[in-house]
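Observations on the three-dimensional arrangement
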Amino acid sequence: MTTTTYVAFPSSETLHRTTDGFIRRMNGGSRKAEPETVETIMKTFVEEALGTFFLKPAAMAGLGSGQTRLIRMACDTIAKATGLVVGRSARKMDLEQNQAAARYMDDIRFQSEDGGTWYVAFPIDEALAEKGRQARRLADEGREAEARDALVAYLREMTEVALDWYFEKPVALLHFGPILRKVAAVGIDTTRRASFGVIGKVIPKLERQQLLHSVHYYCGMQMTF
């Protein structure tokens with residue numbers, strides 16, 4: 001039996017409740033699009049994703065004020081870029097596109113075995129999962145320079161997979177016109193550059209304990225469902 005590894009973070013009750021209601025209505029034969037709901041879901045998702053991938057690990061690692069400011073600036077840049085995409089696209093999506101979006105949202109959410117937590121998750125292949133685990137092993141062994149390089153490589157590749165699942169696949173699925181595709185492409189590129197900027201500038205400067213916190217945090221996001 002093949003086990004799939006996911007990178008996952010827990011959905012807040014607000015995000016889950018709003019998404020679940022939207023999915024149920026779209027799957028239940030709703031006759032109207034819900035642009036306000038789509039926009040709310042996507043903005044909440046982006047906020048929670050930024051908190052998970054950037055702000056929470058920065059706080060846990062105890063980064064200095066300069067590094068924290070760099071991360072917050074990147075988050076603001078990403079939030080503005082994705083907010084523009086979401087705001088423009090949500091208002092133009094028809095019922096069929098709303099239904100497709102609902103099916104996609106359902107595909108990337110998973111429930112814990114005890115039923116108490118819902119996760120937003122995307123799959124990664126075993127080679128990438130192992131890169132993350134290798135970074136953790138190197139850090140645990142005190143091989144800090146190698147661990148930093150390994151963590152940078154893992155996070156850069158994971159970012160590409162996340163962008164594919166969170167942005168590029170939905171854009172392709174929804175069959176946007178040329179203008180919205182261009183807007184989405186700019187938003188994706190801005191997000192990529194901002195993310196890579198943080199990875200390239202923050203990770204190499206991590207002290208030993210900060211590095212340990214970081215590799216264990218990011219590897220802890222690997223889950224199976």
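Calculation rules
Residues numbered from 1 in each chain as written. Predicted model: local features only at pLDDT ≥ 70, side-chain atom pairs only at ≥ 80, totals over all residues. Heavy atoms only, no water. Helix = DSSP H or I, 4+ residues; strand = E, 2+ residues; numbered from the N terminus. Rg over C-alpha atoms; globule rule 2.2 N^0.38 Å. Buried < 20%, exposed > 50% of the residue type's maximum accessible area, 1.4 Å probe, protein only. Areas by Shrake-Rupley, 256 points an atom, 1.4 Å probe, with all protein chains shown as cover. Lys, Arg positive; Asp, Glu negative; His and termini not counted. Charge placed at Lys NZ, Arg CZ, Asp CG, Glu CD. Pairing = 2+ DSSP bridges. 1 Å grid on protein atoms, 1.4 Å probe; cavity = no way out; pocket = protein on both sides within 12 Å on 5 of 7 lines; lining within 4 Å. Points joined across faces, edges and corners; volume = space filled by probe spheres on them. Nonpolar A, V, L, I, M, F, W, Y, C, P; charged D, E, K, R; others polar. Phe/Tyr/Trp six-rings, centres within 6.5 Å; stacked < 30°, edge-to-face > 60°. Core = buried A, V, L, I, M, F, W, Y, C linked by side-chain atoms within 4.5 Å. Axes fitted to C-alpha atoms, helices over the stretch in contact; angles between N-to-C directions. Parallel < 35°, antiparallel > 145°, perpendicular 65-115°, else oblique. Left-handed = near helix turned anticlockwise from the far one by under 90°. Contact = heavy atoms within 4.5 Å.

Further remarks concern the overall build of the chain. Tallying secondary structure elements over the chain gives eight helices and four strands in all. What you see in the chain, going N to C, is helices and strands ordered as β-α-α-α-α-β-β-α-α-α-α-β. Computed over C-alpha atoms, the radius of gyration of the chain comes to 18 Å, within 12% of the 17 Å expected from 2.2 N^0.38 for 225 residues, which places it in the range of a compact globule. For the C-alpha atoms alone, the extent of the chain along its principal axes is close to 60 × 40 × 30 Å. Within the chain, the proportion of its 225 residues that are buried is 50%. In the structure as shown, the chain presents an accessible area of about 11700 Å², 53% of it carried by carbon and sulfur atoms. Side-chain charges of the chain comprise 30 positive and 28 negative groups, with the mean position of each set lying 6 Å from the other.

Within the open sheet, the four strands sit side by side as S2-S3-S1-S4. Their pairing is antiparallel. Either end of the sheet is taken by a strand with one partner, and the two such strands are strand S2 (109–111) and strand S4 (222–223).

For the largest pocket, the calculated volume is near 160 Å³. As for the largest pocket, its lining consists of Ala8, Phe9, Pro10, Thr52, Lys56, Tyr119, Tyr217, Gly220, Met221 and Met223. Among the elements that take part in the lining of the largest pocket, strand S1 (residues 5–10) stands out by supplying three residues, more than any other. When grouped by side-chain class, the residues that make up the lining of the largest pocket number seven nonpolar, two polar and one charged.

Let's shift gears to the packing of aromatic side chains. Going through the model one piece at a time under the given rule, you end up with 10 aromatic pairs. Measuring from ring centre to ring centre gives 4.8 Å for Phe110 and Phe225, while their planes differ by 20 degrees; the resulting arrangement is stacked. Of this pair, Phe110 sits in strand S2 while Phe225 sits in the segment after S4, and the two are 115 residues apart along the sequence. Through successive ring pairs, a cluster of aromatic residues spans Phe9, Phe45, Phe53, Phe122 and Tyr166.

Glancing now at the nonpolar core. Judged by nonpolar contacts, the single largest core of 69 residues is most densely connected at Phe53, Tyr154 and Tyr166. Top element by residues in this core is helix H6 (residues 144–174). It accounts for 13 residues. Judged by nonpolar contacts, the second largest core, of five residues, contains Tyr6, Ala8, Tyr119 and Ala121.

Right, let's get into empty space enclosed by the protein. Using a probe with the size of a water molecule, rolled over the atoms, empty space left in the structure can be pinpointed. In the structure shown here, the tally under the stated rule is two cavities of 30 Å³ or more. Approximately 580 Å³ is the volume found for the largest cavity. In terms of lining residues, the largest cavity is bounded by 34 residues, among which Met42, Phe45, Met105, Tyr166 and Pro170 are the most central. The set of elements that each furnish at least two residues to the lining of the largest cavity consists of helix H1 (13–27), helix H2 (35–61), helix H3 (65–90), helix H4 (95–107), strand S3 (118–124), H6 and helix H7 (178–202). The element that contributes the greatest number of residues to the lining of the largest cavity is H6, accounting for seven residues. Class assignment for the residues of the lining of the largest cavity results in 26 nonpolar, seven polar and one charged. Computed from the structure, the second largest cavity encloses a volume of approximately 470 Å³. In terms of lining, the second largest cavity is formed by 29 residues, of which the most central are Phe53, Phe54, Thr159, Ser195 and Tyr218. Listing elements by their share of the lining of the second largest cavity, those giving two or more residues are H2, H3, H6, H7 and helix H8 (208–220).

In the contact formed by H6 and H7, the axes pass within 10 Å of each other and the chain directions differ by 165 degrees. When the axes of H6 and H7 are compared, the pair comes out roughly antiparallel. Relative to H7, H6 is oriented so that their crossing is right-handed. In this structure, H6 contributes Val152, Leu155, Arg156, Thr159, Glu160, Leu163, Phe167, Glu168 and Val171 to the contact, and H7 contributes Ala184, Ile188, Thr191, Arg192, Ser195, Phe196 and Ile199.

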